[in-house]
Amino acid sequence: MATRYINKAGALSEILNQPTSAGIGFYGGQFWGNSNGTVAPIGGGNPFANVLLVDGDNGSATDRRLPYLTIQAAVTAASQGDVIYIKALEAESVSGDTDPDSYTENIVIPAGKDGISLIGVGRGLSQGAQPQVKVGATTTAPIITVQAFGVSIKGLTINGAGATGGGILLDAVAGTQDAGGLTVLGCHFKNCKSSGAAATGGAIYWSANGQSWYVTIAGNDFFDCRAGIVLIGTSIDRPKDVKILNNYFYSSLNTTVDADVYLAGGSGVNGLLIDGNVFGTVDCPGYATSPTAARYLDLTNCTNGILSNNTFAC
């Protein structure tokens, strides 16, 4: 089985020298001891530096040398700047699956875990080709809450079916946590919504505090989401330098889409770039429960920026 982490080692023997019997071995750049069958790191060092693995099929929740069973367990163990690779779960049935097996979790990346990357190991930008995450026990919470700076999320499918907490929340609190510097790349968002209207949240959305500058959202699919990208409010400070690039927004006919990009919350965004996107929703929204919901874009209060090279399908 693959190791949970990858670290620098001087020779192959260092990686293979596990303490399988009583004694001490060197494994993945860390000394381990075996005492009466209990294997543990020696010296209190951090064996999770650099790369961590998540295997929802065969992972372990307790053995720190193996891949993690859940994404949250890996996030909890990670240090600043670590990379977490997430395996796509394969359906066991061959009878014709319509939805891939999922990690069912509410994931929180807390303040202090700056620079962590969540990377799906899949086969391309498609719901069935990426690791999929669905809501866990708390259906009214976001599937992923980001409270740390410089986080990167790549190659994951975020499926909000049955949930009302939205997909990814940028959760800022003045002086204690800030999700600025977030990049969301090559992800597939499906059925994401917050409490009911575009103005309350969507697939990717800022908390009512706003803030969280330097955000890049690029190369993603947004399918059948009540709202794609949403700014609820800006009680702390308006976000700046937000890039929305080369994304696809689309839905089934006569569905519940309110708005694809809704950035009218609070005082809007300062320094906004919306370039190269395709807005493909083809019918007037049947819900429009937000009085100011827009068909494609609502950029009220956004003070300056660039809107260029986008395609609006009718």
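The structure presented is a predicted model; accordingly, all values stated were derived computationally and were not measured. (Residues numbered from 1 in each chain as written. Predicted model: local features only at pLDDT ≥ 70, side-chain atom pairs only at ≥ 80, totals over all residues. Heavy atoms only, no water.)

## A word on the environment of Trp206
So the rule is basically this: Under the DSSP-based scheme used, a helix requires at least four consecutive residues in state H or I and a strand at least two consecutive residues in state E, with every element numbered from the N terminus. Should any heavy atoms of two residues lie within 4.5 Å, those residues are counted as being in contact. In protein, a polar contact requires one atom able to donate a hydrogen and another able to accept it; more generally it is a pair of N or O atoms within 3.5 Å, and residues adjacent in sequence count only if both atoms are side-chain atoms.
One can find Trp206 in strand β17 (residues 204-206). Taking C-alpha positions, Trp206 is 6.5 Å from Asp171, a pair spaced 35 residues apart along the chain. The contacts of Trp206, once residues within four sequence positions are left out, are Leu169, Leu170, Gln211, Ser212, Val215, Ile229, Val230, Leu231, Ile232, Pro239, Val242 and Leu263. At 3.5 Å, the side chain of Trp206 forms a polar contact with the backbone oxygen of Gln211.

## A few points about the packing of aromatic side chains
The line we're drawing: Within 6.5 Å between ring centres, the rings of Phe, Tyr and Trp (the latter by its six-membered ring) count as paired, and their orientation is classed by plane angle as stacked under 30 degrees, edge-to-face over 60, tilted in between. Burial classes: relative accessible area under 20% of the type maximum marks a residue as buried, over 50% as exposed, and values in between as partly exposed (1.4 Å probe, protein chains only).
Counted by the stated rule, this structure contains eight aromatic pairs. Seen in terms of ring centroids, Phe189 and Phe222 are 5.0 Å apart; in terms of plane orientation they differ by 5 degrees. Their pairing is stacked. Placement of Phe189 in strand β16 (residues 188-190) and of Phe222 in strand β19 (residues 221-223) is noted, with a sequence separation of 33 residues between them. The pair Phe189 / Phe222 is uniform in exposure class, with both members buried. When the centroid spacing of 5.3 Å and the interplanar angle of 65 degrees are considered together, the rings of Tyr296 and Phe312 count as edge-to-face. Taken together, the residues span a long stretch of sequence, with Tyr296 in the loop between β25 (278-279) and β26 (297-298) and Phe312 in strand β28 (residues 311-312) at a distance of 16 residues.

## A short note on the pairing of strand β5 (residues 51-54)
We count it as follows: At least two DSSP bridges between two strands are required for those strands to pair. Handedness of a crossover is defined as follows: orient the strands so they point away from the viewer, and if the path from the first strand over the helix to the second runs clockwise, the crossover is right-handed.
Both faces of β5 are covered, namely the face carrying Val51 and Leu53 and the face carrying Leu52 and Val54. Examined bridge by bridge, β5 and strand β6 (residues 83-87) share four bridges and lie parallel to one another. Residue pairing across strands places Leu53 opposite Tyr85, the latter belonging to β6. Assessed by its sense of winding, the connection that carries the chain from β5 through helix α2 (residues 71-77) to β6 is right-handed.

## Re the sheet that holds β26
Spatial strand order, β8-β11-β14-β17-β20-β23-β26: seven strands in an open sheet with parallel pairing. Either end of the sheet is taken by a strand with one partner, and the two such strands are β8 (107-109) and β26. Here strand β23 (residues 259-262) pairs with β26 via two bridges, running parallel. Bridge pairing in β26 places Tyr262 opposite Asp298.

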